[in-house]
Amino acid sequence: MNFELTSERQMLQDTLRRYLGDRYTTEVRNRIIESDAGMSAEIWRELADLGIVAALFTEDQGGFGGLGFDIVTVFEELGRAGVVEPFLDTAVLAGGLVADLGSEAQRAVLERVVGGEAQLAWAHGEPTSRYDLSHVETTARSLDGGIELNGRKSVVVNAEAAEALVVTARESGEPDDPEGLSLFLVPGGTPGLSLRGYPLMGGARAAEVTLETVHVPEAARLGPAGDVYSAIERRVAMANVALSAEALGAMETAKALTVAYLGTRKQFGRPIGTFQALQHRMADLMIELEQARSAVILAAGHMADERCSRERHVSAAKNLIGRVGRLVAEESIQMHGGIAMSQEYELAHIAKRIVMLDHRLGDTDHHMERFIAFSHV
């Protein structure tokens, strides 16, 4: 397998790294995190103008990328800079589901998403679902030629800024049944739709979403009635690869900051990086980081596989990234000392981001169980 980026992806990586290096400094990011919106509309539009959102969609969907390695290239750079803008929720999850299942009229919103004029969110998780994708209690029932939605959704990232929510609801079956799930494109501000927003630990904002007799037309349905679980699973697999790549980029930054600190901080008249004990700890960290990179590349290369192979590789990567990420975050903070806990220092946000990425769409334990399950199919 050729591990080198194509010339187009190399150009994409160089462009994104240069832009974020110039514009997304620690001071700028801290101001964004502390703002009421939790994101920068200006940064979002500028990144869209650079084609970063378009790189997450295929040509048929109005973009120029959309494959596993395109997503890895983009999210590794976003993670390297600690970006908190909602690329995963707008483009990979909600936007991806609209692209995969939407009608021509529904897919019209993607042109505005790619252009940076609109954002989306996926309202799927519920208070008792944890990481179980099939556990959905929100109901959808046909009523007077339309659909009525009722239920609650938890930790819906970017819900407040989204022009529309992609809502998962159950039309038949038991709460844990993969069959019977449907998706609906619900515009923000629809009567009966209420949000309670809050900031997230690693940056950005989420909301608790309540749907109380929300009425949408039949045309709001995405894909076939009661049969979208496989499409959801494919999109979540893609999102987990994106999260793994983002964590990998963040770990690269943590490593670079730690190496630089060990080379400048002095004790007993010489840099602490010359002490053998710290050199060994840094060497172990770098070895783990290279293994994590290999796992992400392997998962990205199996996105087009049949279900069992795809999910096994994704869960293997997410499990390893979670374990290595925690090691990198903890070791980097310990080797820095107290300065690493200061929000004004870049490592504080990067370390939080690494740890919190592990908890999105399944943590290390969840993906270990999935890897074992798919290894015995």
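Definitions and cut-offs
Residues numbered from 1 in each chain as written. Predicted model: local features only at pLDDT ≥ 70, side-chain atom pairs only at ≥ 80, totals over all residues. Heavy atoms only, no water. 1 Å grid on protein atoms, 1.4 Å probe; cavity = no way out; pocket = protein on both sides within 12 Å on 5 of 7 lines; lining within 4 Å. Points joined across faces, edges and corners; volume = space filled by probe spheres on them. Helix = DSSP H or I, 4+ residues; strand = E, 2+ residues; numbered from the N terminus. Axes fitted to C-alpha atoms, helices over the stretch in contact; angles between N-to-C directions. Contact = heavy atoms within 4.5 Å. Nonpolar A, V, L, I, M, F, W, Y, C, P; charged D, E, K, R; others polar. Patch = residues over 30% accessible without salt bridge, like charges linked within 9 Å, V, L, I, M, F, W, Y side chains within 5 Å. Areas by Shrake-Rupley, 256 points an atom, 1.4 Å probe, with all protein chains shown as cover. Salt bridge = Lys/Arg side-chain N within 4 Å of Asp/Glu carboxyl O. Buried < 20%, exposed > 50% of the residue type's maximum accessible area, 1.4 Å probe, protein only. Pairing = 2+ DSSP bridges. Core = buried A, V, L, I, M, F, W, Y, C linked by side-chain atoms within 4.5 Å.

Asks: Can you break down the layout of surface pockets residue by residue, with the values?
Replies: Put simply, the largest pocket is a space of about 1000 Å³. If you list the elements that add at least two residues to the lining of the largest pocket, you get α4 (68-80), α5 (87-101), β3 (146-157), α7 (229-264), α10 (346-357) and α11 (364-375). Top contributing element to the lining of the largest pocket by residue count: α7, with seven residues.

Asks: Go over the packing of α4 against helix α8 (residues 276-300) with me, naming the residues and quoting the values.
Replies: Following both chains from N to C, one finds α4 and α8 inclined at 145 degrees, their axes separated by 8 Å at the closest point. Two secondary-structure elements touch here, α4 through Gly68, Phe69, Val72 and Glu76 and α8 through Arg293, Val296, Ile297 and Ala300. Its residues assigned to classes, the contact of α4 with α8 shows five nonpolar, one polar and two charged.

Asks: How would you sum up a nonpolar patch on the surface? Please name residues and give values.
Replies: Judged by side-chain polarity, Met368, Phe371 and Ile372 come together as a nonpolar surface patch covering roughly 240 Å² of accessible area. For isoleucine 372, the location among the structural elements is in helix α11.

Asks: Tell me about empty space enclosed by the protein, residues and numbers included.
Replies: All chains considered together, the criterion is met by two cavities of 30 Å³ or more. In this structure, the largest cavity occupies an estimated 50 Å³ of space. Around the largest cavity sit Leu243, Ser244, Ala247, Lys318, Ile321, Gly322, Gly325, Ile354, Leu357 and Asp358, which together line it. Contributions of two or more residues to the lining of the largest cavity are made by α7, α9 (307-336) and α10. Lining the second largest cavity are Ile33, Gly38, Pro199, Leu200, Gly203, Ala204 and Arg205.

Asks: Can you explain the pairing of strand β4 (residues 164-170)? Please cite residues and give values.
Replies: Of all seven residues in β4, seven are buried; the element is thus mostly enclosed. Pairing between strand β1 (residues 120-123) and β4: four bridges, direction parallel. Along β4, the bridge assignment pairs leucine 120 with alanine 164. Where β4 and strand β5 (residues 181-187) come together, seven bridges link them in antiparallel fashion. For alanine 164, the partnering residue across the bridge sits in β5 and is proline 187.

Asks: Give me the pairing of β5: which residues, what numbers.
Replies: Within a regular strand, side chains alternate between the sheet's two faces. Most of β5 sits out of view: six of its seven residues are buried. Relative to strand β8 (residues 221-222), β5 runs antiparallel, the two being bridged by two bridges. Paired with leucine 183 across the two strands is leucine 222, which belongs to β8.

Asks: I'd like a description of the nonpolar core, backed by residues and values.
Replies: Ranked by size, the top nonpolar core spans 100 residues in total, and within it Leu20, Val74, Phe75, Phe87, Trp122, Val166 and Leu183 carry the most contacts. For this core, the element with the highest residue contribution is α7, accounting for 19 residues. Not counting residues within four places of it along the chain, the set of residues in contact with phenylalanine 87 comprises Trp44, Leu47, Ile52, Val53, Leu56, Phe75, Leu78 and Val92. Counting 20 residues, the second-largest nonpolar core is a separate cluster that includes Ile147, Ala169, Val209 and Leu211.

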